[in-house]
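Listed here are the chains, written in short residue letters.
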Amino acid sequence: MTSRPDLRHPAARAFGWLALIGVALGVGIGLFSAGALTATGVTSADLPPLAAPTTAPTTAPTPTPTPTPEPEPEDKGPQPKLTPVPGNRAAPGERFDIVGVLPSADKGAQLQIQVKDGDGPWDDFPVTVAATDGGRFETKIYTSRTGERKFRVTDKASGDSTPDITVTIG
């Protein structure tokens with residue numbers, strides 16, 4: 001006589017259904033989590049090499065020239081502005097504010113946050129913000145990609161953009 005579980009037994013059927021539901025939930029949650037992590041940029045990290053060279057400067061630092069103030073333009077009304085992050089630095093995954101004004105944007109206009117890495121093109125960051133009175137906007141973003149990254153805010157309808165700011169992540 002061979003040993004075979006009786007699948008007509010209620011406990012065996014319940015165990016089979018629970019195993020099937022567990023596998024389906026695991027696959028569904030895994031796919032959703034992978035998509036969410038990829039969309040937020042959490043899975044991409046440009047890490048420095050483990051053995052980074054440590055060299056001391058061999059020459060005395062040269063003084064940096066002070067920039068000459070540019071003449072103020074004629075009063076053309078409010079200018080686009082993006083407020084820099086305090087210290088222009090954020091830790092990977094740390095939330096930081098994007099605050100500014102894009103005077104040409106109407107109240108309620110959807111403004112797109114854009115990011116630029118190095119000399120590459122401007123890419124849409126997965127965050128939009130609605131303009132308030134006078135084209136003001138404020139939102140929080142975070143990224144785990146390290147290095148110097150430039151951010152700006154663009155009104156896709158008009159093509160107008162704020163000046164960019166550089167934030168060092170890491």
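Everything here concerns the structure above.
Residues numbered from 1 in each chain as written. Predicted model: local features only at pLDDT ≥ 70, side-chain atom pairs only at ≥ 80, totals over all residues. Heavy atoms only, no water.

Peer 1: Is there a simple way to think about the pairing of strand S6 (residues 136-141) in this case?
Peer 2: Each regular strand shows side chains that alternate between the opposite faces of the sheet. Alternating residues of S6 divide into Phe137, Thr139 and Ile141, all buried, and Arg136, Glu138 and Lys140, none buried. Relative to S6, strand S3 (residues 96-101) runs antiparallel, the two being bridged by 6 bridges. Bridge pairing in S6 links Asp97 to Lys140. (Buried < 20%, exposed > 50% of the residue type's maximum accessible area, 1.4 Å probe, protein only. Helix = DSSP H or I, 4+ residues; strand = E, 2+ residues; numbered from the N terminus. Pairing = 2+ DSSP bridges.)

Peer 1: Looking at this structure, I do not really get the pairing of strand S7 (residues 147-155). What am I missing?
Peer 2: Here 7 bridges tie strand S4 (residues 110-117) to S7, and the two strands are oriented antiparallel to one another. When the bridges of S7 are listed, Asp117 appears paired with Arg149. One ladder, built from 5 bridges, connects S7 with strand S8 (residues 165-169); its direction is antiparallel. Across the sheet, residue Phe151 finds its bridge partner in S8, namely Ile165.

Peer 1: Is there a simple way to explain the side chain of Thr143 in this structure?
Peer 2: Position of Thr143 among the secondary structure elements: in the loop between S6 and S7. Among the polar contacts made by the side chain of Thr143, one reaches the main-chain amide nitrogen of Arg145 at a distance of 3.3 Å. Beyond its immediate stretch of four places on either side in the chain, Thr143 contacts Ala91, Pro92, Gly93, Phe125, Arg149 and Ile169. (Polar contact = N/O pair within 3.5 Å; in protein donor to acceptor, adjacent residues only side chain to side chain. Contact = heavy atoms within 4.5 Å.)

Peer 1: Can you walk me through the sheet that holds strand S1 (residues 81-83) in this structure?
Peer 2: Strand pairing in a sheet relies on backbone hydrogen bonds. The paired strands run either parallel or antiparallel. A sheet is described by the order of its strands in space; here 3 strands give the open sequence S1-S3-S6, paired in antiparallel fashion. Each edge of the open sheet is held by one strand with a lone partner, namely S1 and S6. When strand polarity is set aside, the average angle formed by the axes of neighbouring strands in this sheet is 20°. (Axes fitted to C-alpha atoms, helices over the stretch in contact; angles between N-to-C directions.)

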